[in-house]
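Examining the three-dimensional arrangement
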Amino acid sequence: MSEKISCIIVDDEPVAREVIEAHLSKIKSVKIIGTCGSAGEAFSLINEHKVDLIFLDINMPEISGLSFARSINNDIKIIFTTAYREYAIDGFDLQAVDYLLKPITFERLLRAVSSFHKIHFSKEEQKIDGDKKEHNDFIFVRSDRKMIRINLNEISYIESLSDYLKIYTSESPIVIRETISNIEKELPESKFIRTHRSFIVSLAALKSYTNEYLEVNGKAIPISRSYKSSVLEKLEKWSLQ
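The sections below set out a description of the structure shown in this document. Model, not experiment: these values are computed from the prediction.

**Considerations on the sheet that holds strand S14 (residues 213–216)**
Strands sit in the order S13-S14-S15 across an open sheet of 3 strands; the sheet is antiparallel. Among the strands making up the open sheet, the edge pair consists of strand S13 (206–209) and strand S15 (219–222). Across this sheet, the average inter-strand angle for adjacent strands is 30°, counted without regard to direction.

Now the structure itself:
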């Protein structure tokens, strides 16, 4: 548990953000990436940084917290914060870690963070165990109401398009309804690399790379700031093999 939990606070009320920020500053395992007054600002933050957890107000102008939660990657967990108890059912329908009713006390927030810890670190342990397992040289995906087998060596890269993925193969692209994080779990880390919240690249298809992008089949696949360090480290090790 040496790695800190990266979180952001999203609330249109400055005082509410300050209260949560003050509480979180007392918890050593949490790192606050930033605070936002709107869902639009939050979108920018999660595009630029790796975020594990969001403290999210529900009743906000323009884009509500519920709408925002439905639109982001499922790997980012939510703790809803609101003054309205009637939103609780909607919050838990979205598989929120917890639901905090304002005014939020430190003790109540600490319990919510503890709940997240149990989920997050259990998942990390499962991921480590999963990395030790052998992978098949193919995956099955659902497309056009049938299961399709795709050999891993036929994949060049995968692109996320909102609720869909486009898997580029040596034949033709295959479009499936899935999240990029879920399919990433099915791919061996020794053969594929996540470069961006929207892209996974096959190392076998890699033609060249810079600090900013990877070239695959004549396309420049971007390396985002949040993935850059791990991507370049992995590519350097891979190129020395």
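Text resumes after the structure shown.
**Focus on the sheet that holds strand S8 (residues 155–161)**
The 5 strands are arranged S10-S9-S8-S12-S11 in an open sheet whose pairing can be described as antiparallel. Strand pairing shows two members of the sheet lacking a second neighbour, strand S10 (174–176) and strand S11 (192–196), which therefore form its edges. Taken over all neighbouring pairs, the strand axes of this sheet differ in orientation by 20° on average, direction set aside. Direction of pairing for strand S9 (residues 164–169) relative to S10: antiparallel, over a ladder of 3 bridges. The partner of Leu165 across the bridge, within S10, is Ile176.

**Focus: the environment of Ser202**
Tracing the backbone shows Ser202 in strand S12 (residues 199–202). A relative accessible area of 4% places Ser202 in the buried class. For the pair Ser202 and Ser156, spaced 46 residues apart in sequence, the C-alpha separation works out to 5.2 Å.

What counts and how
- Residues numbered from 1 in each chain as written.
- Predicted model: local features only at pLDDT ≥ 70, side-chain atom pairs only at ≥ 80, totals over all residues.
- Heavy atoms only, no water.
- Pairing = 2+ DSSP bridges.
- Helix = DSSP H or I, 4+ residues; strand = E, 2+ residues; numbered from the N terminus.
- Axes fitted to C-alpha atoms, helices over the stretch in contact; angles between N-to-C directions.
- Buried < 20%, exposed > 50% of the residue type's maximum accessible area, 1.4 Å probe, protein only.

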